[in-house]
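The primary structure of each chain is shown beneath.
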Amino acid sequence: MGKIEKEEIQKRLDRITEIFTEIVAHADVQTADRCPYKNRYNECTAVFGCRNQRKPRLGGELKMCGGDDKLDYRNAWETGEADYKGKAPKG
Ligand code: SF4
């Protein structure tokens, strides 16, 4: 592979920056609609308590999310240290 000109490197960096800017903007919009801890099966992956958590489905390990995504879900989070202790993901 030949030497890449400084100008070409800058062009590529600018393009990458543009792509990431679009991704971040999309993520910002999406997190306003849907809790980032809710997975595609509507299960809660948070390691803290949340008033929207419901019993896991039969045979499931993760609690179900009872949030309707219409309200600001962040008010339901229980973010005290006691809520987090012992719930950290293993691995
Ligand atoms: S239960 Fe709470 S933290 Fe978990 S996914 Fe639903 S809104 Fe998010």
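Right above here is the structure, for reference.
Residues numbered from 1 in each chain as written. Predicted model: local features only at pLDDT ≥ 70, side-chain atom pairs only at ≥ 80, totals over all residues. Heavy atoms only, no water.

Comments concerning the site of the ligand
Let me state the cut-off plainly: The near set for a molecule or strand comprises every residue that places at least one heavy atom within 4 Å of it. All residues other than Ala, Val, Leu, Ile, Met, Phe, Trp, Tyr, Cys, Pro, Asp, Glu, Lys and Arg, Gly among them, are scored as polar; the first ten of these are nonpolar and the last four charged.
The full set close to the ligand counts 11 residues, and Cys35, Cys44, Cys50, Cys65 and Trp77 are the nearest of them. Looking at side-chain class alone, the shell around the ligand contains eight nonpolar, two polar and one charged residues.

Some words on the pairing of strand β2 (residues 53-56)
Under the convention used in this document: A pair of strands counts as paired when DSSP detects no fewer than two bridges linking them. Numbering of helices and strands starts at the N terminus; helices are DSSP runs of H or I of at least 4 residues and strands are runs of E of at least 2.
Where β2 meets strand β3 (residues 63-65), three bridges bridge the pair, whose relative direction is antiparallel. Bridging from a neighbouring strand, Pro56 pairs with Lys63 of β3. Here β2 folds back onto β3 in antiparallel fashion, the turn holding six residues, of which Gly59 has a positive phi close to 80°.

Notes on the side chain of Lys38
Where we set the bar: Any pair of N or O atoms that falls within 3.5 Å is considered a polar contact. Within protein, one atom must be able to donate a hydrogen and the other to accept it, and sequence-neighbouring residues count only if both atoms are side-chain atoms. Residue contacts are counted whenever heavy atoms from the two residues lie within 4.5 Å of one another.
Here Lys38 is to be found in the loop between α1 (6-33) and β1 (49-50). Within the local environment of Lys38, its side chain forms a polar contact with the backbone oxygen of Gly67, the two atoms lying 3.4 Å apart. In contact with Lys38, not counting residues within four places along its chain, are Glu43, Cys65, Gly67 and Asp69.

A few points about the pattern of salt bridges
This is how it is decided: Any carboxyl oxygen of Asp or Glu within 4 Å of a side-chain nitrogen of Lys or Arg constitutes a salt bridge here.
Going through the model one piece at a time under the given rule, you end up with four salt bridges. Here Lys11 makes a salt bridge to Glu8, at a shortest N to O gap of 3.9 Å. Remark: Glu8 and Lys11 occur in helix α1; sequence separation between them is three residues, near one turn of the helix. With its nearest N and O atoms 3.6 Å apart, the salt bridge here joins Glu43 to Arg57. Here Arg57 lies in the loop between β2 and β3 and Glu43 lies in the loop between α1 and β1, a separation of 14 residues in the sequence. Each of Glu8, Lys11 and Arg12 takes part in salt bridges that share partners, so that together they form one network.

Remarks on a nonpolar patch on the surface
As a reminder, the rule being used: A residue counts toward a patch only above 30% relative accessible area and without a salt bridge, and it is joined to like-charged neighbours within 9 Å or, for Val, Leu, Ile, Met, Phe, Trp and Tyr, to nonpolar neighbours within 5 Å. With residues, only the protein chains shown are counted as cover, and all accessible areas are computed by Shrake-Rupley using a 1.4 Å probe. Buried, partly exposed and exposed residues are distinguished by accessible area as a fraction of the type maximum, computed with a 1.4 Å probe on protein chains only: under 20%, between the cut-offs, and over 50%, respectively.
On the surface, a cluster of nonpolar side chains totalling about 370 Å² of accessible area is made up of Ile16, Ile19, Phe20 and Ile23. Within the secondary structure layout, Ile19 lies in helix α1. According to the relative accessible area criterion, Ile19 is partly exposed, its value standing at 34%.

A closer look at unusual backbone geometry
At Asn42, a residue that is not glycine, the phi angle is positive and equals roughly 65°. Looking at where Asn42 falls in the secondary structure, it is placed in the loop between α1 and β1. Residue Asn42 is classed as partly exposed on the basis of its relative accessible area of 34%.

Side note on the environment of Cys50
Here Cys50 shows up in strand β1. Assessed through its relative accessible area of 12%, Cys50 is described here as buried. Discounting chain neighbours no more than four positions away, the residues touching Cys50 are Ala76, Trp77 and Glu78.

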